[in-house]
There are 2 protein chains.
Amino acid sequence: MRPGFLASALVTDGPVDADLFLKQRSASARYEVTEVPLSALPEWRLTDRLAHTSGRFFSVEGLAVRTNFGPVPAWHQPIIVQPDIGILGILVKRFHGVPHFLMQVKMEPGNSSLVQYAATVQATQSNYQRVHGGRPTPYLEHFLRPSRGRVLVDRLLSEHASWYLHKRNRNMIVEIPPDVDVPRLDDFAWLTLGQLRAQLAAGHVNMNARTVLACISYAGNGPDPEDDFHAAVVASHRRSRSDADLADAMTWLIDQKELYTLDVHRTALSGLDGWIADDEGIRHRDGGYFRVVGLKITATSREVTSWTQPMLEPVPGNLVAFLCRRRGGVLEFLVQALVQPGLTDRLELAASIQLAPGYYRTPSDLPPLVEYLSAPVSQVRHSSVQSEDGGRFLRADTRHVVIELRPGQEVDVPPTHRWMTLGLLDRLVSAGYYVNVEARSLMACLL
Amino acid sequence: MRPGFLASALVTDGPVDADLFLKQRSASARYEVTEVPLSALPEWRLTDRLAHTSGRFFSVEGLAVRTNFGPVPAWHQPIIVQPDIGILGILVKRFHGVPHFLMQVKMEPGNSSLVQYAATVQATQSNYQRVHGGRPTPYLEHFLRPSRGRVLVDRLLSEHASWYLHKRNRNMIVEIPPDVDVPRLDDFAWLTLGQLRAQLAAGHVNMNARTVLACISYAGNGPDPEDDFHAAVVASHRRSRSDADLADAMTWLIDQKELYTLDVHRTALSGLDGWIADDEGIRHRDGGYFRVVGLKITATSREVTSWTQPMLEPVPGNLVAFLCRRRGGVLEFLVQALVQPGLTDRLELAASIQLAPGYYRTPSDLPPLVEYLSAPVSQVRHSSVQSEDGGRFLRADTRHVVIELRPGQEVDVPPTHRWMTLGLLDRLVSAGYYVNVEARSLMACLL
């Protein structure tokens, strides 16, 4: 994104009251979700894998994993395979010089909070090619050739790599010139970045919008004068952005990729050690990790009014946290190189702590640094509960936390971890598959 | 690589005569390669896959491929799986201000030409961790922490994705300060870039060295005054290097990734349609594509003096070609987005024409633009035969061709193809998995 684009982005009032709009749209639609047996999904078949009869959308398959990273050297798990590339796109337009983002109020069956702000367009290929015969995706033409707008952000980024195999989406921000009229449909609202910031803090922005918002490089902007931490965040976005800083970080990342192995094999669901796959769903015999269940959804505000689909429900309690510190006045964040089975290139940068209680059998399985999660409230700079993609994941809520170390407080940094400024993280997000979606979601919360 | 690094790199005389040195070292070692049954490889087992008893080095497995790219929508094939990341590293040092590259004379059992110049270090992880109990890899310490030299180039790049699954190597160029003494071992020589250029033209530089040399951004350098095409090559390296040019090319590449699908499954060798795997090797019943055979190698100039291993031998006749044109005085190269089954991210940029005769059953299988290969000699700017990695591939020779279009000669550019300057290609090579190894090898020949 070009420098200065976000000048005056902190304006907090827009043409609409963002809270009220969300409430009104929520009231205008009905929405019911019921768990059903997998055999009650008329278009899905459970064989060696769980798949749609059309062969499209996605499938759930088995995965055999081997790695020398972490406490468990080999395991089996189900994983979602969805090879097509979805578009997550936000349309932006200046009103009186202030950029406004066109956000859609969207209900997604898996979300714990009823409705949320989503990107302007959030479409899988099956989706926008209208495989399920629904309505066309509004505003999609602004993201496709030949009618594509001015591209500010366009990159392929990874999705949840514990649950998806090699999944990536196209994250786009496209600008419409001020003099071009874009009709606003009922479920859509133009919000300023200041309004989005408040909605993010309240957990009202969905996962797909957060990953797009994480691509905004916040360097061109004035800080909130009443918030010392926000000023430090803005300043951190301006630091360590040089090619030399990037090359140095890349070399460190390649060192990690050289150290750690990852070998994955797609296999039949029926052959997975420890997992049961039958009409009640796909789940681990110990109740850990996650389960895949059938759902029947009835809604009046989505493309079609009633449908069934499988969804993945993780064991609750997931958390993602940044530890940060000020060093020479510069705010730095602790990131780690983390191997995840579904990543395209073995490992990506993750937040300081990425906690998934469903995965730990014994306390020795816990990741390093968890003791910092009990920091006093005075050190907590951000705490919110954010939902994962409610189109695939059921009740998948992740607590997002940012903790600032006290001056002089030292951390025993594990060799997999490294301090980075937000400016360096911005450049790594830009470069492609280098920052995982959990960390990007947390970066969006720092906007 | 920093600008100006290669000033005076065209110096063609170095401390050694590069041709003579190659000849002498070649004479000092003996080398025999015999084809043997797979059962005669004592440490390899053919079961569902062909693997080393230690579980290391590499294995040959089955792959089921589906794609909507090209004339064949689905096929089975064997593929080499080698998940570790090798180091391909060249040491560079200035003598009297002129950069010299430390090249190793190496015999590799698969090469058609007896000996070649290789990178200073060319080591798989198994290799440098000395799994086979051989000698330590000389100069390796300059590429590893904590004794690593000054890093000029460091990037993970893809290898042959028709033959390898998700293989990548670490391409490094590391500089040693002029005042640090690096002892030169017998098989090594310090060559200037001008000397390397002559060796490249003669087909005396091996694949692994070519992919490292392709990372050199040649922009800081004066052209050869006697060679108009070389002047145009140097000028082309200086064009379209901006962030906006890169972003525009990325958007085009993502458009291609969105259009084309690739879904791969690792399977048992025994279940591959059309393929036979027995003691005589792994081959297609029609004799096409490639075969995997057992070899016994005896040498006095490698880490160990005698060993057996499988190798992949392609059907001969492979060719890679750039079409180029001058547009407004700027030399541009036609590249294509090409899906290959083993690529980490579905597709990468390839040369204008990438021809593998072993793959074509009927003339309609031939790729577009092959008719340009019959251009008259007056349009041929480069033609050489280069070998692929002789450690894995047997008699795998690829003709490298660069053809310049006549002024005004028009090409009907397929939608998968696009014109790019070398400057833009340099930036895409730097960015990671965007330019395939076949195209990078051809770029190295343009140095």
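Keep in mind it's a predicted model, so treat the numbers as computed, not measured.

Undergrad: With reference to specific residues and values, describe the overall build of chain A.
TA: Scanning chain A from N- to C-terminus turns up eight helices and 25 strands. Along the longest, intermediate and shortest principal axes, the C-alpha atoms of chain A span 55 × 55 × 40 Å. Expressed as a percentage of the 447 residues in chain A, the buried residues total 60%. Long-range contacts, defined here as pairs at least 24 residues apart, represent 72% of the contacts in chain A between residues at least 6 apart. Just so you have it, chain A exposes about 17000 Å², and 52% of that area is on carbon and sulfur atoms. Each charge sign in chain A was given a centre, from 46 positive and 48 negative side chains, and these centres are 3 Å apart.

Undergrad: Mind laying out the pairing of strand β19 (residues 318-327) of chain B, listing which residues take part and the relevant values?
TA: All names here are of chain B. Burial analysis of β19 places eight of its ten residues in the buried class, which makes it a mostly covered element. With seven bridges connecting them, β19 and strand β24 (residues 397-404) associate as parallel partners. The residue bridging Leu323 from the neighbouring strand is Ile403, located in β24. As judged from the three bridges shared by β19 and strand β22 (residues 353-355), these two strands associate in the antiparallel manner. Bridging from a neighbouring strand, Leu319 pairs with Leu355 of β22. One ladder, built from four bridges, connects β19 with strand β20 (residues 330-339); its direction is antiparallel. Residue pairing across strands places Cys324 opposite Phe333, the latter belonging to β20. Counted between consecutive antiparallel strands, the loop separating β19 from β20 contains two residues, among which Gly328 sits at a positive phi close to 60 degrees.

Undergrad: Give a description of the interface of chain A and chain B that names residues and reports values.
TA: The interface of chain A with chain B comprises 35 residues on the first partner and 35 residues on the second. Between chain A and chain B, roughly 2900 Å² of surface is buried when both sides are summed, and carbon and sulfur atoms account for 41% of that area. Applying the counting criterion to the chain A and chain B interface returns twelve salt bridges. Across the salt bridge formed by A:Arg266 and B:Asp263, the nearest N and O atoms sit 2.9 Å from each other. Taken together, chain A and chain B are joined by 23 residue pairs in polar contact (both at pLDDT 80 or more). Of all the secondary-structure elements, those providing two or more residues to the side of chain A that touches chain B are α2 (125-128), β10 (150-158), β12 (168-176), α6 (243-259) and β14 (262-267) of chain A. Top element by residues in the side of chain A that touches chain B is α6(A). It accounts for seven residues. Split by residue class, the side of chain A that touches chain B holds 15 nonpolar, six polar and 14 charged.

Undergrad: Give a detailed account of the pattern of salt bridges, specifying residues and quantitative values.
TA: Residue and element names in this part refer to chain A. Within this structure, the stated rule accounts for 52 salt bridges over all chains. In this structure, Arg170 engages Asp154 in a salt bridge whose closest nitrogen and oxygen atoms are separated by 2.9 Å. Of this pair, Arg170 sits in strand β12 while Asp154 is found in strand β10, placing the two residues 16 residues apart along the sequence. In this pair, the class of Arg170 matches that of Asp154, namely buried.

Undergrad: Talk me through the confidence of the model for chain A; I want residue IDs and the actual numbers.
TA: Taken as a whole, chain A shows an average pLDDT of 91; of its residues, 92% reach a score of 70 or greater. Scoring of the predicted complex yields 0.93 for pTM and 0.91 for ipTM.

Undergrad: Quick rundown of the relation of the copies chain A and chain B? Include the residues and the values.
TA: At an RMSD of 0.0 Å, chain A and chain B line up after a rotation of 180 degrees and a shift of 0.0 Å along the axis. Here the symmetry operator amounts to a two-fold rotation axis. Of all interface residues in chain A, 100% are interface residues in chain B too; the two copies therefore contact each other through one and the same surface.

Undergrad: Explain the packing of aromatic side chains to me, and be specific about the residues and the numbers.
TA: By the definition in use, this model includes 20 aromatic pairs over all chains. Relative to A:Trp190, the ring of A:Phe95 has its centre 5.2 Å away and its plane inclined at 70 degrees; by these criteria the two rings are edge-to-face. Of this pair, A:Phe95 sits in strand β6 (residues 86-95) while A:Trp190 sits in strand β13 (residues 188-191), and the two are 95 residues apart along the sequence. A relative accessible area of 27% means that A:Phe95 is categorised as partly exposed. Geometrically, the ring pair formed by B:Trp44 and B:Phe58 is tilted, given 4.9 Å between the ring centres and 50 degrees between the ring planes. Of this pair, B:Trp44 sits in strand β2 (residues 44-46) while B:Phe58 sits in the loop between β3 (50-52) and β4 (59-67), and the two are 14 residues apart along the sequence. For the pair formed by B:Trp44 and B:Phe58, the shared burial category is buried. Above the ring of A:Tyr289, the side-chain terminus of A:Arg361 is found at 5.0 Å from the ring centroid.

Undergrad: Got a sec to walk through helix α7 (residues 422-431) of chain A? Specific residues and values, please.
TA: Each turn of an α-helix holds 3.6 residues, which means side chains three or four residues apart point in the same direction. Residue and element names in this part refer to chain A. The element α7 is extensively covered by neighbouring structure, given that seven of its ten residues are classed as buried. The complete set of buried residues in α7 reads Leu422, Gly423, Leu424, Leu425, Asp426, Leu428 and Val429. Where α7 ends, the next residue or the one after it, Gly432, has phi of about 125 degrees, a positive value.

Undergrad: Can you explain the environment of B:Ile353? Please cite residues and give values.
TA: Residue and element names in this part refer to chain B. Within the secondary structure layout, Ile353 lies in strand β22. Residue class for Ile353 comes out buried when judged on its relative accessible area of 0%. Distance in space between the C-alpha atoms of Ile353 and Lys93 is 36 Å, their sequence separation being 260 residues. In this structure Ile353 touches Leu319, Val320, Ala321, Gln336, Pro368, Leu369, Val370 and Leu373, once residues within four positions along its chain are discounted.

Undergrad: Would you mind going over helix α8 (residues 437-445) of chain B in detail, with residue names and values included?
TA: Across the nine residues that make up α8(B), a large majority, nine, are buried. For α8(B), the set of buried residues is B:Val437, B:Glu438, B:Ala439, B:Arg440, B:Ser441, B:Leu442, B:Met443, B:Ala444 and B:Cys445.

Undergrad: Any details on the state of the cysteines? Residues and values, ideally.
TA: All chains considered together, the criterion is met by zero disulfides over all chains. Unpaired in this structure, A:Cys215 has its nearest cysteine sulfur neighbour in A:Cys445, at a distance of 14 Å. Sulfur of B:Cys324: no disulfide; nearest cysteine sulfur belongs to B:Cys445 and is 14 Å away. Classification of B:Cys324 by relative accessible area gives buried; the value is 0%.

How each quantity is defined
Residues numbered from 1 in each chain as written. Chains lettered and ligands numbered in written order. Predicted model: local features only at pLDDT ≥ 70, side-chain atom pairs only at ≥ 80, totals over all residues. Heavy atoms only, no water. Helix = DSSP H or I, 4+ residues; strand = E, 2+ residues; numbered from the N terminus. Buried < 20%, exposed > 50% of the residue type's maximum accessible area, 1.4 Å probe, protein only. Contact = heavy atoms within 4.5 Å. Areas by Shrake-Rupley, 256 points an atom, 1.4 Å probe, with all protein chains shown as cover. Lys, Arg positive; Asp, Glu negative; His and termini not counted. Charge placed at Lys NZ, Arg CZ, Asp CG, Glu CD. Pairing = 2+ DSSP bridges. Buried area = accessible area lost by both parts, 1.4 Å probe. Salt bridge = Lys/Arg side-chain N within 4 Å of Asp/Glu carboxyl O. Polar contact = N/O pair within 3.5 Å; in protein donor to acceptor, adjacent residues only side chain to side chain. Nonpolar A, V, L, I, M, F, W, Y, C, P; charged D, E, K, R; others polar. pLDDT = per-residue confidence, 0-100. Least-squares fit on C-alpha atoms with pLDDT ≥ 70 in both. Phe/Tyr/Trp six-rings, centres within 6.5 Å; stacked < 30°, edge-to-face > 60°. Lys NZ or Arg CZ within 6 Å of the ring centre and 35° of its normal. Disulfide = S-S within 2.5 Å.

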